[in-house]
Amino acid sequence: MFQKEKQPKSINFMETLYDPSDVWDSAYIWLVSIGKYLLIGVQIIVLIVFFSRLVLDGRNNDLTEEINNKVVLLSNETWKRNAFLFENYQILLGDIKNIREGQTINSLQIRELISGVPSNLVLEGLSFSEKRVSLRLSSNNLNSVKDYESSLKNNPMYEDVKFSITKEDAEISVGVSFYLSEEGEVSGRAEN
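Small disclaimer: the values here were computed from a predicted structure and weren't measured.

Peer 1: In this structure, what is going on with the overall build of the protein chain? I would like to understand it.
Peer 2: When you go through the protein chain residue by residue, the secondary structure sums to five helices and four strands. Helices and strands appear in the protein chain in the N-to-C order α-α-α-β-β-α-β-β-α. When burial is assessed residue by residue, the protein chain has 17% of its 192 residues classed as buried. Pairs at least 24 apart in sequence give 43% of the contacts found in the protein chain among residues at least 6 apart. Summed over its atoms, the accessible surface of the protein chain is roughly 16,100 Å², and 59% of this surface lies on carbon and sulfur atoms.

If you want it as structure tokens, here you go:
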């Protein structure tokens, strides 16, 4: 009735004597034959990660040391002063660029005003603000002041010409104020 399967007699202990029919036996055989290769593969991956981490940490330490050296260089007082100086130069050059592009040049008009003053009148002060011009003059000759007044009032480049004359002993002090007309500004711009 109950017969045992006849198993071959063998001295080789490594060979299986029977085929496993149980799930646990199959799992055990799989772990012993294939699992060991998986374990070796995992150990190789762990070793690769360990060595790559070792190399990357070394590079990180080198970069940290290089950054610290540069921070020490940048915190030097001479370097800070020079950086501040060059930053101010850049701001100044930017301001000069803005002025050059956006500001009208009045030097030709001022030169015209100064050269228009007769030689027997002494120019003591000049004020020029947008279109308004103010002059302070002095002279010893009242006729030359009157000639200059008539030449300014008859010139179409000047509007609303006003003179104030005060006399102290032999010295005549003259205050002149007027506005530049549109014609004067157009000719000044055309010459620029």
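Peer 1: Honestly, the pattern of salt bridges in this entry has me stumped. Any pointers?
Peer 2: Side chains that differ in sign of charge can pair as their charged atoms come close. Scanning the model with the defined rule gives five salt bridges in all. In this structure, Asp57 and Arg53 form a salt bridge, with 3.2 Å as the shortest nitrogen-oxygen distance. Separated by four residues within a single helix, Asp57 and Arg53 lie in helix H1 (residues 23-74), roughly one turn from each other. The partly exposed category is assigned to Asp57, whose relative accessible area is 31%. Look at Arg53 and you get exposed, because its relative accessible area is 53%. Put simply, Glu149 and Lys153 hold a salt bridge, and the shortest N to O gap is 3.0 Å. Linking Glu149 with Lys153, this pair stays in helix H4 (residues 142-154), spanning four residues, or about one helical turn.

Peer 1: Would you take a moment to explain unusual backbone geometry for this structure?
Peer 2: It is generally the case that most residues other than glycine have a negative phi and that most peptide bonds are trans. Residue Asp160 is not a glycine yet carries a positive backbone phi of 55 degrees. Considering the arrangement of structural elements, one finds Asp160 in strand E3 (residues 158-168). Looking at Asp160, the relative accessible area reads 44%, which means it is partly exposed.

What counts, and at which threshold
Residues numbered from 1 in each chain as written. Predicted model: local features only at pLDDT ≥ 70, side-chain atom pairs only at ≥ 80, totals over all residues. Heavy atoms only, no water. Helix = DSSP H or I, 4+ residues; strand = E, 2+ residues; numbered from the N terminus. Buried < 20%, exposed > 50% of the residue type's maximum accessible area, 1.4 Å probe, protein only. Contact = heavy atoms within 4.5 Å. Areas by Shrake-Rupley, 256 points an atom, 1.4 Å probe, with all protein chains shown as cover. Salt bridge = Lys/Arg side-chain N within 4 Å of Asp/Glu carboxyl O.

Honestly, it's all geometry; don't read function into it.
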